[in-house]
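Residue-level structural notes
The chain contents come next:
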Amino acid sequence: MIAAVTFLTAGAASGLPARGGDQPGDEQITAWIEHLGSPQYARREAASKSLLAAGRPAIAPLAAAIETGDLEVASRGIEILGGMLADETLAAAAEAALERSAEEAGPAAARLAESALDFHHLGLAAAAREALASLGAAFHERPVVEQAGFEVELGRDWKGTGDDLRQLARLPRLEAILVHGVQLDDEAVAVLGRLRGLKRLELFGTGLTEEAIDQLAARLPEASFDVREGGKLGVGALAFGGPCEIQTVEPGSAADQAGVRPGDVVVAVDGVAVNDFDGLTDRVAGRGPGERVRLTVARRGGDPGGDAETLDLEIRLDAW
């Protein structure tokens, strides 16, 4: 079994003829791909070099062969596409082909494609972070016990597309992605599903269907998910068992405008009792922007020993 891929090198360093002359036809490319599985080593090597020299016309046929061919053909196809990643004019198309192989090829070939992509992404992390930040992504460092990780937040400032999310795969130590109020499509789901190292994914107001979310959960079994329709209350509290005592109220938020104060203890949402902050979150998670909820809160006055006042506060939720 082939365990690794050694990339061919595109361009003059490989000793190949320069691109730009007569392009090979489909029949010639098909014949070369068939030769990748030849029992003769010299024929396999010659076919690999010819396909690398062919450049762009060979990319789609190679991707198809990786999905349907034997492991020898697949591994050589991945090696060729990996070599094309060194050519700026071919890198984007070759990367997309490898991503397709990582998704749709057999298990062994998919692992080789993922390894090729990982190797490629290692050298692109700094540029990827700069590109994402320029599109409105926010980066938050998250110290952990073993190593320092970070999370990326895509919120109201995000101006990118599903295609721009591909940059996320180039970020080492990425532990969490927070998507707040950004609509996601099938392309975005495919990209997020390839981020195997994720530990947490927040999806607030993304418009994803339950089917799409289930698909993501199946592909990221190690990640925890927090999925909400997109209605935002704007409060913070300690996330452990016990009374739901509000610690912070975001200025200008829906909760702030409705009169919620730090120190209020939420005892019910729409008449349904809540025992802790998780209970409050669960009750609000299914509500969208503009929907109304009624919080019942217990509020103490200036006398610490006095009885708490019970208030019903009507709140129109914001959007994330």
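The rules behind these values
Residues numbered from 1 in each chain as written. Predicted model: local features only at pLDDT ≥ 70, side-chain atom pairs only at ≥ 80, totals over all residues. Heavy atoms only, no water. Helix = DSSP H or I, 4+ residues; strand = E, 2+ residues; numbered from the N terminus. Contact = heavy atoms within 4.5 Å. Areas by Shrake-Rupley, 256 points an atom, 1.4 Å probe, with all protein chains shown as cover. pLDDT = per-residue confidence, 0-100. Buried < 20%, exposed > 50% of the residue type's maximum accessible area, 1.4 Å probe, protein only. Right-handed = clockwise from strand over helix to strand, strands pointing away. Salt bridge = Lys/Arg side-chain N within 4 Å of Asp/Glu carboxyl O. Axes fitted to C-alpha atoms, helices over the stretch in contact; angles between N-to-C directions. Parallel < 35°, antiparallel > 145°, perpendicular 65-115°, else oblique. Left-handed = near helix turned anticlockwise from the far one by under 90°. Nonpolar A, V, L, I, M, F, W, Y, C, P; charged D, E, K, R; others polar. 1 Å grid on protein atoms, 1.4 Å probe; cavity = no way out; pocket = protein on both sides within 12 Å on 5 of 7 lines; lining within 4 Å. Points joined across faces, edges and corners; volume = space filled by probe spheres on them. Core = buried A, V, L, I, M, F, W, Y, C linked by side-chain atoms within 4.5 Å. Arc of directions from axis to C-beta.

**Some points on the overall build of the protein**
The helix and strand inventory of the protein stands at 11 helices and 13 strands. Taking as baseline every contact in the protein between residues at least 6 positions apart, the subset at least 24 positions apart corresponds to 58%. As presented, the protein carries roughly 16400 Å² of accessible surface, and 50% of it is formed by carbon and sulfur atoms.

**Describing the confidence of the model for the protein**
Averaged over all residues, the pLDDT of the protein equals 88, while 88% of them reach at least 70. Within the model, the stretch residues 10–20 combines pLDDT values under 50 with 16 contacts to residues more than four positions away or in other chains.

**A look at the pairing of strand β3 (residues 174–180)**
Counting buried residues along β3, 7 of its 7 residues qualify, which places the element largely inside the surrounding structure. Read from β3 through helix α8 (residues 186–193) to strand β4 (residues 200–204), the crossover connection turns out right-handed.

**A few points about the pattern of salt bridges**
Scanning the entire structure with this criterion turns up 22 salt bridges. With a shortest N-O distance of 3.0 Å, Arg 76 and Glu 45 are connected by a salt bridge. Taken together, the residues span a long stretch of sequence, with Arg 76 in helix α4 (residues 71–84) and Glu 45 in helix α2 (residues 41–54) at a distance of 31 residues. Residue classification places Arg 76 among the buried positions, given a relative accessible area of 7%. Residue Arg 200 is joined to Glu 202 by a salt bridge in which the shortest nitrogen-to-oxygen separation is 2.6 Å. Three or more residues are tied together by salt bridges with common partners; here these are Glu 99, Glu 103, Asp 163, Arg 166, Glu 187, Arg 194 and Arg 219.

**Considerations on helix α11 (residues 277–285)**
Those residues of α11 not exposed but buried are Phe 277, Gly 279, Leu 280, Thr 281, Val 284 and Ala 285. Buried residues along α11 sit in contact with β5 (224–228), β6 (231–232), β7 (235–237), β8 (244–249), β9 (265–269) and β11 (292–299).

**Comments concerning the packing of helix α3 (residues 59–68) against helix α5 (residues 91–104)**
Axes are the key here: two packed helices are described by the angle between their axes and the distance separating the axes. At a closest axis distance of 9 Å, the pairing of α3 and α5 adopts a crossing angle of 15°. With respect to α5, the element α3 is oriented roughly parallel. Two packed elements cross with a definite hand, and for α3 against α5 that hand is right-handed. Residues Ile 59, Ala 63, Ala 64, Ile 66 and Glu 67 of α3 form the contact with α5, whose participating residues are Ala 93, Ala 94, Ala 97, Arg 100, Ser 101 and Glu 104. A per-class count over the contact of α3 with α5 returns 7 nonpolar, 1 polar and 3 charged.

**Points about the layout of surface pockets**
Each pocket or cavity is described by its volume, and for the largest pocket that value is around 460 Å³. Looking at the lining of the largest pocket, the elements with two or more residues in it are α5 and α6 (107–122). At 5 residues, the largest contribution of residues to the lining of the largest pocket is made by α6. Its residues assigned to classes, the lining of the largest pocket shows 11 nonpolar, 2 polar and 8 charged. In this structure, the second largest pocket encloses a volume near 330 Å³. In this structure, the second largest pocket is lined by 19 residues; those nearest its centre are Phe 204, Arg 228, Val 235, Phe 277 and Trp 320. Looking at the lining of the second largest pocket, the elements with two or more residues in it are β4, β5, β6, β7 and α11. Ranked by the residues each element gives to the lining of the second largest pocket, the list is headed by α11, at 4 residues. Per-class residue counts for the lining of the second largest pocket are 7 nonpolar, 6 polar and 6 charged.

**Things to note about the nonpolar core**
Among the nonpolar cores identified, the biggest contains 32 residues, and Leu 51, Leu 62, Ile 78, Leu 81, Met 84 and Leu 98 are the most heavily contacted of them. Broken down by secondary-structure element, the contributors of at least two residues to this core are α1 (26–35), α2, α3, α4, α5 and α6. The greatest single-element share of this core, amounting to 6 residues, is contributed by α4. Setting aside residues no more than four positions away along its own chain, Leu 51 makes contact with Ile 29, Trp 32, Ile 33, Leu 36, Ala 58, Leu 62, Ile 80 and Met 84. Counting 30 residues, the second largest nonpolar core, distinct from the first, contains Phe 150, Leu 165, Val 179 and Val 191.

**Describing the environment of Ala 133**
Positionally, Ala 133 belongs in helix α7 (residues 125–134). Each C-alpha atom, one on Ala 133 and one on Asp 157, is 9.9 Å from the other, the two residues being 24 residues apart in sequence.

**Examining α7**
Along α7, the positions that sit buried rather than exposed are Ala 125, Ala 128 and Leu 132. Summarising the axial view, the buried residues of α7 lie within an arc of 60°, below the 170-degree limit, and thus occupy one face. Residues of α7 that are exposed and point over 90 degrees away from its buried face: Ala 126, Glu 130 and Ser 134. Count one or two residues on from α7 and you reach Gly 136, which has phi positive near 105°.

**Thoughts on unusual backbone geometry**
Of note in the backbone geometry, Arg 173 takes a positive phi value of approximately 70° without being a glycine. Here Arg 173 is to be found in the loop between β2 (148–154) and β3. Overall, Arg 173 belongs to the partly exposed group, its relative accessible area being 38%. At Asp 270, a residue that is not glycine, the phi angle is positive and equals roughly 50°. Locating Asp 270 in the fold gives a position in the loop between β9 and β10 (272–273).

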